[in-house]
Protein chains: 2
Amino acid sequence: MAVQLRPAQALRLWEAVLLEMVRTAEPDLSARQMTILLTLYLETHAHTVRGLAERLGVTKPVITRALDSMGRMGLVTRKRDPADRRNVLIQRTVEGALFVERLGDRVAKKAAELPH
Amino acid sequence: MAVQLRPAQALRLWEAVLLEMVRTAEPDLSARQMTILLTLYLETHAHTVRGLAERLGVTKPVITRALDSMGRMGLVTRKRDPADRRNVLIQRTVEGALFVERLGDRVAKKAAELPH
DNA sequence: TTTAATCGGTTCGGCTCCGAAACAAACAGG
DNA sequence: CCTGTTTGTTTCGGAGCCGAACCGATTAAA
């Protein structure tokens, strides 16, 4: 069964989750950083800087800087591709996986609490 | 009937909507700005700068600047409170309402397209 | 009336981010 | 080799945001 979510409910859900994010402001991720993080943890194949830049429709430095800051937060790691040493493969971390998992739980919880 | 959304589905939904936002990047709103906008359009009572600052847990200049930029985008307007002229009441605009409405439709559409 | 409190806005130095361009390293083909 | 391409990073000037502190206007209290 597909997920039934009316536009008004969607907005309430979006606001509730955003408000909790802004208020707690743990690792404060921008929309771009959050998109990169979710892409990394939901699309399981290997990811490169170039691939992420194309997917998001941004330039390469944006990805490099986002990976820098998320790396400082411990959410991702980088490794040279041994097969083609020009490439950098972005790798997941335990901390990053936990962060994404908490986000999923948070959204699901807010959805369950929505008025009918 | 409450909204049923598993954590894995929630993450897919979040990623899909964020990706579309980043790629189109129309009015590019930060998490704080988006939260303010949704608060204004979902909580129908009158809003002041101070009230919004408390709700989001941020300082007043943050709200002032967010309202400045959203005002330039045509998403909100400000008006002095005639009853207490120290207050500034934030007002909705047609353009802002349309923006919020599009967001709701977008999230609902992505939710309906989610795999089971 | 004078003093204090409240409200939104502005100033300030510091920090982050932006994209275009230049760059170094690594491959590919002749 | 040597030339050209690809990949990720760095540099650069410019723009925007940050919170603490301060400011001017307004209201409330003494």
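Preceding this paragraph is the structure being described.
Residues numbered from 1 in each chain as written. Chains lettered and ligands numbered in written order. Predicted model: local features only at pLDDT ≥ 70, side-chain atom pairs only at ≥ 80, totals over all residues. Heavy atoms only, no water.

Novice: Teacher, can you tell me more about the packing of helix α3 (residues 49–56) of chain B against helix α4 (residues 60–72) of chain B here?
Specialist: When two helices pack together, their arrangement is given by the angle between the helix axes and the distance between those axes. Residue and element names in this part refer to chain B. For the pair α3 and α4, interaxial distance at closest approach is 9 Å and the crossing angle is 115°. Comparing their axes, α4 and α3 come out roughly perpendicular. For the crossing formed where α3 meets α4, the hand is right-handed. Here V49, R50, L52 and A53 of α3 come into contact with α4, specifically with K60, I63, T64 and L67. Grouping the constituent residues of the contact of α3 with α4 by class yields five nonpolar, one polar and two charged. (Axes fitted to C-alpha atoms, helices over the stretch in contact; angles between N-to-C directions. Helix = DSSP H or I, 4+ residues; strand = E, 2+ residues; numbered from the N terminus. Parallel < 35°, antiparallel > 145°, perpendicular 65-115°, else oblique. Left-handed = near helix turned anticlockwise from the far one by under 90°. Contact = heavy atoms within 4.5 Å. Nonpolar A, V, L, I, M, F, W, Y, C, P; charged D, E, K, R; others polar.)

Novice: What's the story with the protein's contact with DNA strand C in this structure? I'm lost.
Specialist: R32, V62 and R85 of chain A together with K60 and R78 of chain B are the nearest of the 19 residues found near DNA strand C. Counting only the atoms of DNA strand C that lie within 4 Å of the protein, the sugar and phosphate share comes to 70%. Separating a base nitrogen of DNA strand C from a side-chain N or O atom of R65 of chain A is a distance of 3.0 Å. One of the backbone nitrogen or oxygen atoms of V49 of chain B is found 3.1 Å away from a phosphate oxygen of DNA strand C. Classifying every residue of the surface near DNA strand C gives six nonpolar, four polar and nine charged. (Near = heavy atom within 4 Å. Polar contact = N/O pair within 3.5 Å; in protein donor to acceptor, adjacent residues only side chain to side chain.)

Novice: In this structure, what is going on with the interface of chain A and chain B? I would like to understand it.
Specialist: A common way to express how large an interface is: the accessible area buried when the components associate. With 42 residues of chain A at the contact, the number on the chain B side is 42 residues. Carbon and sulfur atoms supply 70% of the area buried between chain A and chain B, which totals about 3,900 Å² over both sides. By the criterion of area lost to chain B, the three top residues of chain A are V3, L11 and W14 of chain A, representing 20% of everything that side buries. Here chain A is connected to chain B by four salt bridges. (Buried area = accessible area lost by both parts, 1.4 Å probe. Salt bridge = Lys/Arg side-chain N within 4 Å of Asp/Glu carboxyl O.)

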